[in-house]
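A look at the structure
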Amino acid sequence: MTTIKSPELLLPAGSLDKMRAAYDFGADAIYAGQPRYSLRARNNEFKLEQIGIGIAEAHARGKKFFVTSNLLPHNDKVRTYLRDIEPVIAMKPDALIMADPGLIMMVREKWPEMPIHLSVQANTVNWAAVKFWQKMGVARIILSRELSLDEVEKIRQECPDMELEVFVHGALCIAYSGRCLLSGYFNRRDPNQGTCTNACRWTYGTQEATDETDSGEVKPIKMDGDFSFEQEQEAAEKNFSACGDGQRHPAADKVYMIEEAGRPGALMPIMEDEHGTYIMNSKDLRAVELIERLVKIGVDSLKIEGRTKSLYYVSRTAQVYRRAIDDAVAGRPFNPELISELDGLASRGYTSGFLERRPAQDYQNYETGHSVGHRSQFVGEVRSAQDGWALVETKNKFSVGDTIEIIHPSGNRKVPLAQMKNEKGETIEVAPGSPHKVWIPMDGPANGALIARMF
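Residues numbered from 1 in each chain as written. Predicted model: local features only at pLDDT ≥ 70, side-chain atom pairs only at ≥ 80, totals over all residues. Heavy atoms only, no water.

Per an unreviewed UniProt entry, the protein is named tRNA 5-hydroxyuridine modification protein YegQ, and its organism is Limnohabitans lacus.

Okay, structure coming up:
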């Protein structure tokens, strides 16, 4: 009988607390980066001191710590890179995650023993590119998100002795593997230098505009009532379908302008056939139902995105994907309840991205009956426990009578909340949102637990 290898579960960490939670809930490794040289300059705690603490704690637990160093640098950062990365390498991280060929060359020349993982930013989409980087001394390839499962399998077959890593959960970018310039255009904050403001997530309104003037300018038409992009588009399509000569009716070629909610009056022309206002906003990647296939393919590492996400996100995704991996390796069938647990996270909806040419639900209904009725909301973190009570720092509102889920590395449990006290010990009915602390009764393991409200 062939033994199935368990892939590494790799989680993001934007802080030491998130790193610890990732390990507690099942991660084998985490990745974190210096703000100056990774693509997460914002909400990133990992300065040199924190990297040293993180590496030491990881190795004490038998875990791995990868340092992300994957920006595409201009000359000024090339000038300072070796100086700044030297003390990091001295701390002995398990690998550097890198994208730029020049920086990779420099590290390989000075520290040939330092393992390098090729970032998804390098856009590796075929087995020939994998072999090229293998010859350059790269230890692992993080494959592009634009690959299907079949393409991943082909690369595995052609490159059997190369470590491969695949993203399985998190945000997707509207640009090719994150190479987007919108943030730089709007805010002069370059995504490729680690300062993306996620312009694709902003809310945009639309209004009709005039055709271009002789000078090429597009001007908005003043609207007397509420403007509906969808109604205008339907009218345009009717006009188009009514054209007997097969030529597109002029009414279907109207110009529209978008206005971002935080920039009133800053109108930009568009002509996309989009219905709705989030015209660039991708659903989030979720491949938990595809873990069995990825395990059978022989992928070495399964990666979750989200170094700026919450402690709850890190804990929940680590726990869910740990169970999915363990089930797949043990030969157990996929548990649809894992989908419902991920539905408790804030998301823009889920997609399997490019991994599948047809969604999994085309073959089996995992959603209805398992996910809809079991959604949850993160409401608090346990800070301490004594005498059967836990002190919870609240994040969202919850009340006596709610069913809560206690999420703990030792296992989760759902219980009705029968009573609650404030910090003074007085009985209360409602725990307001952040930042408050309340006491709730809790049997069993409590320290380090997260609390979710079920609905």
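Now for the sheet that holds strand β17 (residues 403–407). Spatially, β18-β17-β22-β14-β15-β21-β19 is the arrangement adopted by the 7 strands of the open sheet, whose pairing is antiparallel. Of all the strands in the sheet, just β18 (413–416) and β19 (421–422) have a single pairing partner and so form its edges. Pairing of strand β14 (residues 376–386) with strand β22 (residues 450–454), which is carried by 5 bridges, proceeds in the antiparallel orientation. In the strand pairing of β22, Q377 is matched with R453. Across the sheet, helix α10 (residues 311–330) touches β14, β17 and β22, and the angle it forms with β22 is around 85°. (Pairing = 2+ DSSP bridges. Helix = DSSP H or I, 4+ residues; strand = E, 2+ residues; numbered from the N terminus. Contact = heavy atoms within 4.5 Å. Axes fitted to C-alpha atoms, helices over the stretch in contact; angles between N-to-C directions.)

Here we take up the pairing of β17. Within β17, 4 of the 5 residues are buried, leaving the element largely enclosed by the surrounding structure. Pairing between β17 and β18: 4 bridges, direction antiparallel. Counterpart to I404 in the pairing with β18 is V415. Between β17 and β18, which pair antiparallel one after the other, the connecting turn spans 5 residues, and G411 there sits at a positive phi close to 140°. (Buried < 20%, exposed > 50% of the residue type's maximum accessible area, 1.4 Å probe, protein only.)

Attention now goes to the pattern of salt bridges. Enumeration according to the criterion identifies 30 salt bridges in this entry. The partner of R20 in a salt bridge is E57, with the nearest N and O atoms 2.8 Å apart. Of this pair, R20 sits in helix α1 (residues 16–24) while E57 sits in helix α2 (residues 48–60); the two residues are 37 residues apart in sequence, bridging distant segments of the chain. With a relative accessible area of 26%, E57 lands in the partly exposed category. Between E405 and K414 there is a salt bridge, and its shortest N-O distance comes to 3.9 Å. Ionic contacts of the salt-bridge type, sharing partners, join the residues E8, R140, E163, E165 and K303 into one network. (Salt bridge = Lys/Arg side-chain N within 4 Å of Asp/Glu carboxyl O.)

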